[in-house]
Amino acid sequence: MSDVVTMIRAGDVSVGDRVRTANAMELTVTRVDEEFMGRPNLLALVEDSEAQWLKVAAPRDLELELISRASEREN
Amino acid sequence: MDARWDLTAIDGEPVDSAALEGRALLVVNVASRCGLTPQYEGLERLQRSYGGARFTVLGVPCNQFGGQEPGGAEEIQAFCVATYATSFPLTEKLDVNGRRQHPLYAWLTSAPDGDGRAGEVEWNFEKFLVAPDRQGITRFRPAVEPDDERVVEAIEALLGE
């Protein structure tokens, strides 16, 4: 099992990516809301699925742990 | 508009719906670890100023925003009382958005905010002021402080003060 942790900037997260936050919340992103609460430097990542509804707000340059990319799972 | 819901208090007991009947409600989804958590102070000031037979704040703990309400019922209640000396009631932890959204929030989120936007709760500490006859909902987004004059004026208008 690899110990390598891949990080991704919040602003680079795409729909379908699965990420883990600093407080260990995991979500598979189904929507990205730009300019969260009217602030251009903030965005919100949302999982709206059967499993959960969870919203995480983050500065665009905040690094999150990337668990998997949508494009990887599709291949 | 169906405005009846079964609610469970944070201690696991059913909320006495008769006790809420005829009262204006300020329903707020709360969280203990949010940057907006100090809004508890303003909510408690509203409860002390207007709380009684005609008005109450009703806190709804929710962990759907940043996972900022991770604790159990006892932890949440202890935090509120110890940190902010809250006296208003809390429900059990609920989903306010998504497929397991509580019926109370299905009803509340049908109401638009001041910009005409209805739908999802945006973040912790969104406020819904519900008229005593349940025929009107005034919605305030999270950044609006509990003691903002718009909130106070809306409460006083409902109470005829």
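Structural data are supplied above this passage.
Residues numbered from 1 in each chain as written. Chains lettered and ligands numbered in written order. Predicted model: local features only at pLDDT ≥ 70, side-chain atom pairs only at ≥ 80, totals over all residues. Heavy atoms only, no water.

Asks: Looking at this structure, how should I read the overall build of chain A?
Replies: Counting its regular elements, chain A contains one helix and seven strands. Moving toward the C terminus, one meets the helices and strands of chain A in the order β-β-β-β-β-β-β-α. The C-alpha radius of gyration of chain A comes to 12 Å, within 12% of the 11 Å expected for a compact globule of 75 residues. Each principal axis of the C-alpha atoms in chain A carries an extent, and together these give about 40 × 25 × 25 Å. Across the 75 residues of chain A, 36% fall into the buried class. For chain A, long-range pairs separated by at least 24 residues make up 46% of all intrachain contacts whose partners lie at least 6 apart in sequence. When the accessible surface of chain A is totalled, it reaches about 4,300 Å², and 49% of it is carbon and sulfur. Of the side-chain charges in chain A, 9 are positive and 15 negative, and the distance between the mean point of each set is 3 Å. (Helix = DSSP H or I, 4+ residues; strand = E, 2+ residues; numbered from the N terminus. Rg over C-alpha atoms; globule rule 2.2 N^0.38 Å. Buried < 20%, exposed > 50% of the residue type's maximum accessible area, 1.4 Å probe, protein only. Contact = heavy atoms within 4.5 Å. Areas by Shrake-Rupley, 256 points an atom, 1.4 Å probe, with all protein chains shown as cover. Lys, Arg positive; Asp, Glu negative; His and termini not counted. Charge placed at Lys NZ, Arg CZ, Asp CG, Glu CD.)

Asks: What am I meant to see in the pairing of strand 5 (residues 42-48) of chain A here?
Replies: Residues in a regular strand point their side chains to alternate faces of the sheet. Residue and element names in this part refer to chain A. The element strand 5 is extensively covered by neighbouring structure, given that six of its seven residues are classed as buried. Relative to strand 5, strand 4 (residues 31-34) runs antiparallel, the two being bridged by four bridges. Pairing of valine 32 across the sheet is with leucine 45, part of strand 5. For strand 5 and strand 6 (residues 53-59), the ladder comprises seven bridges, and the chain directions are antiparallel. Paired with aspartate 48 across the two strands is tryptophan 53, which belongs to strand 6. (Pairing = 2+ DSSP bridges.)

Asks: Whenever I open this one, the environment of tyrosine 105 of chain B confuses me. Can you help?
Replies: Residue and element names in this part refer to chain B. Position of tyrosine 105 relative to the elements: it lies in helix 4 (residues 103-108). Here tyrosine 105 falls in the buried class, since its relative accessible area comes to 0%. Setting aside residues no more than four positions away along its own chain, tyrosine 105 makes contact with Val27, Val28, Asn29, Val60, Val96, Val121 and Phe128.

Asks: Sorry if this is basic, but what is going on with the pairing of strand 7 (residues 63-68) of chain A here?
Replies: Residue and element names in this part refer to chain A. For strand 1 (residues 6-9) and strand 7, the ladder comprises four bridges, and the chain directions are antiparallel. Along strand 7, the bridge assignment pairs arginine 9 with glutamate 63. Across three bridges, the pairing between strand 2 (residues 18-20) and strand 7 is antiparallel. Looking at the pairing, valine 19 lines up with leucine 66 of strand 7.

Asks: I would appreciate a short explanation of the packing of helix 2 (residues 39-50) of chain B against helix 3 (residues 73-84) of chain B in the present structure.
Replies: Each pair of packed helices gets described by two things: the angle between the helix axes and the distance between those axes. Residues and elements named next belong to chain B. At their nearest, the axes of helix 2 and helix 3 sit 10 Å apart, and the two run at 80° to each other. In terms of orientation, helix 2 and helix 3 fall into the roughly perpendicular class. Counting all contacts with helix 2, which are made through Tyr40, Glu41 and Glu44, the residues of helix 3 involved are Phe79, Cys80 and Tyr84. Here the residues of the contact of helix 2 with helix 3 are counted per class, giving four nonpolar, no polar and two charged. (Axes fitted to C-alpha atoms, helices over the stretch in contact; angles between N-to-C directions. Parallel < 35°, antiparallel > 145°, perpendicular 65-115°, else oblique. Nonpolar A, V, L, I, M, F, W, Y, C, P; charged D, E, K, R; others polar.)

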